[in-house]
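# Inside the fold
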Amino acid sequence: MIPRLLQFSLLVSYVSEFTFGSIYEQLQPIDVVRTSTVGNTSYDCFEDQYDMPLVFWHKANLESKLSLIRSLDNQDLSIKRELLAAGCKWLWNSVPGLILLEVYSGDQQIKSFKKRGNVYSSIITKINSTHWRCEDSSFVEHVEINFENKITVVVEANLSAVTINQCEKSGEPNAFNGTNRCHHTTYCTYRPGDRPFAAGNYWCECRPGYYSTFAKFDGALVELASPEDIDSKYSCHKCLEGCDVCDGPESCMAKFMWIKRSTFLGITVVCIISTVILIWFVHKNRRIKVFRIASPTFLIITLIGCIIMYSEMGIMFPECTQQLCVATKLTRHFGFCITYSALLMKTWRVSLTYRVKSAHKLKLTDKQLLQWMTPILVIILVYMGAWTLSDPPQAVLEKEKETNLRFWKCSNDWWDYCLAAGEVLFLAWGVRVCYVVRNAESFYNEAQSINFAIYNICIVNIIMMTIHFFLFPDIGPNFKYTLGFIRTQLSTSVTIALVFGSKVVRVLNGQGDHWDNKAKGLVSYEMNDVCEETNDLQTENEELKEEIFKLATQIGLLKNSLMHVNNRHLRKTGCQCCNPIASNQQSPTSKTGSFFKSLGSNSCLAPSTSA
């Protein structure tokens, strides 16, 4: 009661100062209405008159209805009077709430309509004006409009028949638009007809993304509340993340199964540590045949790519963000490109060697294969860099169809689809190369193991692309993480097992330098100049020397035989040194070369002194 009396006293003092000619800011209609109606069942009407904006008729509506009167400028007076009277009668009957309607032509009254009980008689001020006055505890609006053709229309309306619309948007503009006191977390909803010409004819409802224990707040109570009460009692609470509409503080985000995710991450970490140990193991035993023939450089590159692919599971573990989306796609595609390219280069070397039809042996070194592999890695790096700088993947909110819960996921756009199409073509090329060398034999079944690994990578990646892009594009975060774990294990762990499993077992069993059953007479398509074995080359040189010694022995025997035929200068006496075989009991294949020395010092070949 006290705040209302305070508002009342302030309004009276303001009106009194305005009446005595003090210059104050014009009083707003909503201030008068709130002071006289808020908290009251009846109006507290003031006896003074106030200049107020037009309420009952806004200017555009009034001028359109009085356009006929505006056009009566050059008409005959008798015709003008009849038209004015007809127009005045039409207005009186068509507009509800009027209590007075008068039309003047100059100072002469043409027509007048007045409701019974209205004792007020208007005074023409010759200017356009709008006044409010109090009559029978009700507000009355007095409107005078002067036209250029010296026609004046005086209209009075009982404002108690008007329901104030204080919301931001209403059917017709008026002086009360946007004067509601709803909190910024709510929005105003107009309720017509409840309380005529009184403040608070609206509901304050929670905006989308906000909730409250009450469905809506009564505007009449909001008008009475202080700013502190509005903030505490008549405001809504923001919904938790992911909720467009909510009824309470419950979360709309899908919950992570942290135990399951932690288990998958733990297994992945064990795989990463095992891969690092395997890199050390390969480097340490790189001179053993089973690793040396398989090119240790490419084996280590393959394992590095596998570690990069494993790291994707660690990046996907927390909640998705833009930075994590970029890192996820980079590790997934770049790791795949490194591993798959390393395996494919080895298979391609087998393919090129296997298809050679000439007698010349084709040898492709690891350095040459690395030169061919480098452009592939450069292309994927340039593509990923352009993607990250121009249009990086975003973290967007998606909704699960079954639970309607939200979760953050990385967006997919044409960058993803183009890269997926390129990887499919890359996989198809790898499958074709594997098909070409399907019957090629190699040491320790190296080519067959790589073929199976490439087939496995191709099948797994195509299946996962189909699930990711077409079958289940909006799966929840837990299912997505499970699929990522399955893809990583099937494409990475299986690849390591196929390529390195048999080699590691051989080395641990002490058979890393032993040839398998197919090694005898088998040409190694993986063998290059760097990997040639020194011991085998030495053995090959010894065999070549033996063949040369045999050939030299036969030539020497032939020469001695031809020299003895009809040669009178040679002594015919028995001389053991004339028989090279008898004189030299050492094998002609001796490594000392004494056979050639005996030929040079054979006295049997010397001329006879007696001759």
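Since this is a predicted model, take the numbers as computed values, not measurements.

### Quick look at the overall build of the protein chain
- Scanning the protein chain from N- to C-terminus turns up 18 helices and 13 strands.
- For the protein chain, the residues scored as buried account for 46% of the 611 residues in total.
- Relative to all contacts within the protein chain whose residues are 6 or more apart in sequence, the contacts with residues 24 or more apart total 66%.
- Carbon and sulfur atoms make up 60% of the accessible area of the protein chain, which totals about 33,500 Å².

### Examining the UniProt feature "transmembrane region" (unreviewed entry) in the protein chain
- Mapped onto the present numbering, the UniProt feature "transmembrane region" (unreviewed entry) falls on residues 264-283, 290-310, 330-348, 369-389, 414-437, 449-472 and 484-501.
- As annotated, residues 264-283 comprises 100% helix and 0% strand, and the C-alpha atoms at either end are separated by 29 Å.
- A distance of 32 Å separates the end C-alpha atoms of residues 449-472, which is 96% helix and 0% strand.

### Some details on the side chain of Asn 180
- Among the secondary structure elements, Asn 180 is positioned in the loop between strand E6 (151-158) and strand E7 (186-190).
- Among the polar contacts made by the side chain of Asn 180, one reaches the main-chain carbonyl oxygen of Gln 166 at a distance of 2.9 Å.
- When neighbours within four sequence positions are excluded, Asn 180 is seen to be in contact with Arg 34, Gln 166, Cys 167, Glu 168, Cys 188, Tyr 202 and Glu 223.

### Regarding the pairing of E6
- Most of E6 sits inside the fold, with 7 of its 8 residues counted as buried.
- Across 7 bridges, the pairing between strand E5 (residues 138-146) and E6 is antiparallel. The residue bridging Val 140 from the neighbouring strand is Asn 158, located in E6.

### Overview of the pairing of strand E2 (residues 98-105)
- Among the 8 residues of E2, 8 are classified as buried, and the element is accordingly described as predominantly covered.
- Judged from the 7 bridges that link them, E2 and E6 form a sheet pairing that is antiparallel. Counterpart to Glu 102 in the pairing with E6 is Val 154.
- Direction of pairing for E2 relative to strand E3 (residues 108-114): antiparallel, over a ladder of 6 bridges. Bridge pairing in E3 links Tyr 104 to Gln 109.
- What sits between the antiparallel neighbours E2 and E3 is a turn of 2 residues, in which Gly 106 has the positive phi angle 70°.

### A closer look at a nonpolar patch on the surface
- Together, Val 269, Ile 273, Ile 277 and Trp 280 make up a nonpolar patch on the protein surface, roughly 400 Å² of accessible area in all.
- The topology assignment puts Ile 273 in helix H8 (residues 258-284).

### Let's talk about the pattern of salt bridges
- Tallying each qualifying case throughout the model produces 7 salt bridges.
- Put simply, Arg 332 and Glu 312 hold a salt bridge, and the shortest N to O gap is 2.7 Å. Of this pair, Arg 332 sits in helix H11 (residues 322-354) while Glu 312 sits in helix H10 (residues 296-316), and the two are 20 residues apart along the sequence.
- By relative accessible area, Glu 312 is classed as buried at 2%.
- Connected via shared salt-bridge partners are Glu 312, Arg 332 and Arg 487.

### A word on the packing of helix H14 (residues 446-471) against helix H15 (residues 477-508)
- The contact between H14 and H15 brings their axes to 9 Å, and the two run at 175°. Taken together, the axis directions place H14 and H15 in an arrangement best described as roughly antiparallel. For the pair formed by H14 and H15, the contact residues are Glu 446, Ser 449, Phe 452, Ala 453, Asn 456, Ile 457, Val 460, Asn 461, Met 464, Ile 467 and His 468 on the first element and Lys 480, Leu 483, Ile 486, Arg 487, Leu 490, Ser 491, Val 494, Thr 495, Leu 498, Val 499 and Lys 503 on the second.
- Residue composition of the contact of H14 with H15, by class: 12 nonpolar, 6 polar and 4 charged.

### Digging into the packing of aromatic side chains
- What the rule picks out here adds up to 18 aromatic pairs.
- Consider the rings of Phe 264 and Phe 485, whose centres lie 4.3 Å apart with planes at 10°: the pair is stacked. One end of the pair, Phe 264, is in helix H8; the other, Phe 485, is in helix H15, with 221 residues separating them in the sequence.
- Overall, Phe 264 belongs to the buried group, its relative accessible area being 15%.
- On the accessibility criterion, Phe 485 (11% relative accessible area) is buried.
- Residues Phe 317 and Tyr 481 carry aromatic rings whose centres are separated by 6.3 Å and whose planes lie at 65° to one another, so their mutual orientation is edge-to-face. Placement of the pair is Phe 317 in the loop between H10 and H11 and Tyr 481 in helix H15, with a sequence separation of 164 residues.
- What makes Phe 317 buried here is its relative accessible area of 19%.

About the thresholds
- Residues numbered from 1 in each chain as written.
- Predicted model: local features only at pLDDT ≥ 70, side-chain atom pairs only at ≥ 80, totals over all residues.
- Heavy atoms only, no water.
- Helix = DSSP H or I, 4+ residues; strand = E, 2+ residues; numbered from the N terminus.
- Buried < 20%, exposed > 50% of the residue type's maximum accessible area, 1.4 Å probe, protein only.
- Contact = heavy atoms within 4.5 Å.
- Areas by Shrake-Rupley, 256 points an atom, 1.4 Å probe, with all protein chains shown as cover.
- UniProt positions renumbered as here; feature names shortened; annotations may be inferred.
- Polar contact = N/O pair within 3.5 Å; in protein donor to acceptor, adjacent residues only side chain to side chain.
- Pairing = 2+ DSSP bridges.
- Patch = residues over 30% accessible without salt bridge, like charges linked within 9 Å, V, L, I, M, F, W, Y side chains within 5 Å.
- Salt bridge = Lys/Arg side-chain N within 4 Å of Asp/Glu carboxyl O.
- Axes fitted to C-alpha atoms, helices over the stretch in contact; angles between N-to-C directions.
- Parallel < 35°, antiparallel > 145°, perpendicular 65-115°, else oblique.
- Nonpolar A, V, L, I, M, F, W, Y, C, P; charged D, E, K, R; others polar.
- Phe/Tyr/Trp six-rings, centres within 6.5 Å; stacked < 30°, edge-to-face > 60°.

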